[in-house]
Each structure stands twice: as C-alpha cells, then as structure tokens.
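# A closer look at the structure
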Amino acid sequence: MKDVQSEQDTRNVPIDRVGISGISWPIQVLDRESGFQDTVAEVSLSVALPKDYRGTHMSRFIEVLAAQERRVTLANMEGLLSMLCERQKADESHAEFEFPYFITKAAPVSALKGRLRYDVRFDSSLIRGKFDVVTELTAPIQTLCPCSKEISDFGAHNQRAHAVIAVRMNAMVWVEELAEIADMCASAPIYSILKREDEKAVTERAYTNPRFVEDCVRELALKLDKEDRIDWFRVSVTSHESIHNHDAFASVERSKR
C-alpha cells in the first residue's frame, strides 16, 4: 500500500516534536523494598520530523513501547529512545512517563503501616546521540506557619503542602530517598494511617518545627547540594493555605556541574 507519511513535503517547515500522548500503559518500575512495583503510566513519545517528511508513522511508537516488556527504568530509557530514532529515522526522540508510585510508611508511634501515593515523572530525550533524563517526584508534606505561631496566643495554622523534586543523576538515587528528603524538609511528614497517639505526635512535631515554604525549599536545596549523585536539581514547595484562598510557593533551581 502507498506510504503517505513518507511523501516529500515542500513547505520547508521542520517539526520539533511529533508523536503520541495520553496513552495509559501498564509498566513496572524499580522499588527499593521489593525490587519492582507495578503501576500504570500516562505516556508521551515523540520525535523530531525533518522538513522534507510529510508525516511520521504513529503505529511505530506503540511498537517501540510494547517492545519494552512493561519494564521502565532509567537504565533502559536510553534504549527505548534509540529504538524510536531508529524506527522513525529521526535524530531526536523524547519520552515522558507519569505514574503513581506507592511507598509504605510506618506511623510514628503505633508503627502501623500504610501505603502513601507519590507521583513520579520521567522526562527523557536523545538528541543527536546525547541522552538526558530528569526524574521528578511530587511528595505530600505538611507545613505549619512560623508567623501564625509567633503572633497567636495559642495554636498556629497548618496545612497540607507538596514538594516537587526534579533531579538529573549521575548514579542511582531511589524514589524513596527523594521522598525521605521531602519529609525531612517539611514541618512534618504525611501518613496514610494514624492512630490517636500518632496524630498527637505528628501535630506536636509540626508545632515544634514551623516552616514557611521558603524554609522548606531552602532545606531541600541544601540537602541536594550535598548529594554527589545529583548533577542538577529543581525544587519547589507549594502550601495549600488553610486560612487563605490561595497557595504559597517557593522554588530553587541549581546546576552543580
């Protein structure tokens, strides 16, 4: 049959990215405790299209994705992108995987265990043979306002927040490690199950550790600055304010190389 996509285009307009997005795909990702974790990712795959090609072959993206046999790790991401370039006759390819990731956390006093959802994103590219990947974690945390505590006769407003940690690594850093760093930089961690004694401990921890979003994001930056396995990072903290009709946020981006 006629290959319409391979017809020559004369409009002299190269396309930066063309591909498929919004695909739900079952994958396996590395899990520090149990080896692998099954999850479902929303996937985007694309390539750069030269100016003289009318279109790309969309079915080949699915074929390349299926060839990964569900397992998606930083180690095999470059191979996926190389296969995309080869199958699509492109010198540039991109892959994005966004998925929920669950970490088992023990409550601080009762030690009851529950699974807490985090959101992970792999954003990778292969451009003329140069591979790059950014790993991003969105972690739920808690903040308690230092100003509220200081000016109030009793109590202080506190709320759920989330930290977003994006890193370029030169060696393996576990998702769980990034989650632990997020907890350390918050007023207090978030848990999926708390008995009364746990709730007391978490509430008192936050009260004795008040932090603005500025405090949290600076603590994140200091900890990642000390991590030799990380070459670049971007961190942000957003607090979903309990006494305001807006969020508060702060961010830091830094290259270490």
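In what follows, the structure referred to is the one given above.
Residues numbered from 1 in each chain as written. Predicted model: local features only at pLDDT ≥ 70, side-chain atom pairs only at ≥ 80, totals over all residues. Heavy atoms only, no water.

## Thoughts on the pairing of strand E3 (residues 92-106)
Going by this rule: Three labels apply to residues, based on accessible area from a 1.4 Å probe with only protein chains included: buried if under 20% of the type maximum, exposed if over 50%, partly exposed otherwise in between. Secondary structure elements are defined from DSSP: runs of H or I of at least 4 residues count as helices, runs of E of at least 2 residues count as strands, and each element is numbered from the N terminus. DSSP bridges decide pairing: two strands pair if at least two such bridges lie between them.
Here E3 lies mainly inside the structure; 11 of its 15 residues are buried. Across 6 bridges, the pairing between strand E2 (residues 35-49) and E3 is antiparallel. Looking at the pairing, Ser44 lines up with Glu96 of E3. Sheet topology note: the E3/strand E4 (residues 113-127) ladder contains 15 bridges and is antiparallel. If you follow Glu98 over to E4, its bridge partner there is Arg121. Hairpin connection of E3 to E4: 6 residues between the antiparallel strands, including Ala111 at a positive phi of 65°.

## Points about the environment of Ala201
Applied cut-off: When checking whether two residues touch, look at their non-hydrogen atoms; a contact exists if any pair is within 4.5 Å.
Within the secondary structure, Ala201 sits in helix H5 (residues 196-207). In this structure the C-alpha to C-alpha distance between Ala201 and Val109, which are 92 residues apart in sequence, comes to 7.3 Å. Setting aside anything within four residues of it in sequence, one finds Ala201 in contact with Pro108 and Val109.

## Considering the nonpolar core
Formally: The definition of a nonpolar core used throughout is a set of buried Ala, Val, Leu, Ile, Met, Phe, Trp, Tyr and Cys residues joined through side-chain atoms within 4.5 Å.
The biggest cluster of nonpolar side chains holds 59 residues, and the ones touching the most others in it are Leu45, Phe97 and Phe99. Every residue in contact with Leu45, bar those within four places of it in the chain, is listed here: Val18, Gly19, Ile20, Phe61, Leu65, Leu80, Leu84, His94 and Ala95. Judged by nonpolar contacts, the second largest core, of 5 residues, contains Leu144, Tyr191, Val202 and Ala206.

## Remarks on the pattern of salt bridges
Threshold: What makes a salt bridge here is a side-chain nitrogen of Lys or Arg within 4 Å of a carboxyl oxygen of Asp or Glu, nothing more.
One pass over the full model with this rule turns up 16 salt bridges. Between Asp225 and Arg254 there is a salt bridge, with its nearest N and O atoms 2.6 Å apart. Pair noted here: Asp225 is in helix H6 (residues 213-225) and Arg254 is in strand E9 (residues 247-255), with a separation of 29 residues, a long-range link. A relative accessible area of 29% places Asp225 in the partly exposed class. The partly exposed category is assigned to Arg254, whose relative accessible area is 36%. One salt bridge connects Glu227 with Arg229, and the closest N-O pair in it is separated by 2.8 Å. The exposure class assigned to Arg229 is partly exposed, which follows from its relative accessible area of 24%.

Any functional reading would require information beyond the geometric quantities listed.
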